[in-house]
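Listed below are the residues making up each chain.
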Amino acid sequence: MNIMLVSRTAMKLQEVKEEIAEKFSGIEIKMVPYDFAKATKSDFDNLKDQVVKLEVGLLYNNVGISYEHAEYLQDISEERVDAIIEVNN
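Residues numbered from 1 in each chain as written. Predicted model: local features only at pLDDT ≥ 70, side-chain atom pairs only at ≥ 80, totals over all residues. Heavy atoms only, no water.

**Student:** Any details on a negative patch on the surface? Residues and values, ideally.
**Tutor:** On the surface, a cluster of negative charge is made up of Glu78, Glu79, Asp82 and Glu86. Relative to the elements of secondary structure, Glu86 occurs in helix α3 (residues 78-88). According to the relative accessible area criterion, Glu86 is exposed, its value standing at 59%. (Patch = residues over 30% accessible without salt bridge, like charges linked within 9 Å, V, L, I, M, F, W, Y side chains within 5 Å. Areas by Shrake-Rupley, 256 points an atom, 1.4 Å probe, with all protein chains shown as cover. Salt bridge = Lys/Arg side-chain N within 4 Å of Asp/Glu carboxyl O. Lys, Arg positive; Asp, Glu negative; His and termini not counted. Charge placed at Lys NZ, Arg CZ, Asp CG, Glu CD. Helix = DSSP H or I, 4+ residues; strand = E, 2+ residues; numbered from the N terminus. Buried < 20%, exposed > 50% of the residue type's maximum accessible area, 1.4 Å probe, protein only.)

Here it is as structure tokens:
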């Protein structure tokens, strides 16, 4: 089974790719830096174009954001609320 790693942090993607490659030989590991909170339609289209080329046998979704710390809703910026709704929806 080959793997596509998607994360907003390229450095973390590289670290995970190297860790997987050390443990499992003979698999293709593709990295796609992608920030779900800041993505544009063009970014999404690029990600979609890369995914449709794959035969997906397993999807593990761990995307989500929240507050930096406990806060009252009225104290959170509108931009942050919009990003939380967009990414977690």
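After that view, the rundown keeps rolling.
**Student:** So what's going on with the environment of Lys17? Residues and values would help.
**Tutor:** Of note, Lys17 is situated in helix α1 (residues 10-23). Along the backbone, Lys17 and Glu28 are eleven residues apart, and their C-alpha atoms lie at a distance of 9.7 Å. With near-sequence residues (within four places) excluded, Lys17 lies in contact with Leu5, Ile29 and Met31. (Contact = heavy atoms within 4.5 Å.)

**Student:** Give a detailed account of the pairing of strand β1 (residues 3-7), specifying residues and quantitative values.
**Tutor:** Looking at chain direction, β1 and strand β2 (residues 29-33) are connected through five bridges and run parallel. The residue bridging Val6 from the neighbouring strand is Val32, located in β2. Taken together, β1, α1 and β2 form a β-α-β motif whose crossover is right-handed. (Pairing = 2+ DSSP bridges. Right-handed = clockwise from strand over helix to strand, strands pointing away.)

**Student:** Give me the lowdown on the environment of Ser77, citing residues and values where you can.
**Tutor:** Topologically, Ser77 is positioned in the loop between α2 (41-51) and α3. The partly exposed category is assigned to Ser77, whose relative accessible area is 36%. Within polar-contact distance, the side chain of Ser77 engages the backbone nitrogen of Arg80 at 3.1 Å. (Polar contact = N/O pair within 3.5 Å; in protein donor to acceptor, adjacent residues only side chain to side chain.)

**Student:** Talk me through α3; I want residue IDs and the actual numbers.
**Tutor:** Among the residues making up α3, those that are buried are Ala83, Ile84 and Val87. Looking straight down α3, one finds that the buried residues subtend no more than 100° of arc, so they occupy a single side. For α3, the exposed residues lying more than 90 degrees away from the buried face are Glu78, Ile85 and Glu86. (Arc of directions from axis to C-beta.)

**Student:** Residues and numbers for the environment of Asn88, please.
**Tutor:** If you trace the backbone, Asn88 turns up in helix α3. Residues Asn88 and Ala21 lie 67 residues apart in sequence; the distance between their C-alpha atoms is 30 Å. Beyond its immediate chain neighbours, meaning those up to four positions away, Asn88 contacts Val63, Gly64 and Ile65.

**Student:** Now, about a nonpolar patch on the surface: what can you tell me, with residues and values included?
**Tutor:** A surface patch of nonpolar side chains, about 360 Å² in accessible area, is lined by Val51, Leu54, Val56 and Leu59. Within the element layout of this structure, Val56 appears in the loop between α2 and α3.

**Student:** Lay out the packing of aromatic side chains in plain terms, naming residues and giving numbers.
**Tutor:** Evaluated as defined, the whole model comprises one aromatic pair. A ring pair is formed by Tyr34 and Phe36, whose centres lie 4.5 Å apart and whose planes are at 75°; its orientation type is edge-to-face. The partly exposed category is assigned to Phe36, whose relative accessible area is 33%. (Phe/Tyr/Trp six-rings, centres within 6.5 Å; stacked < 30°, edge-to-face > 60°.)

Just geometry here; none of it tells us what the structure is for.
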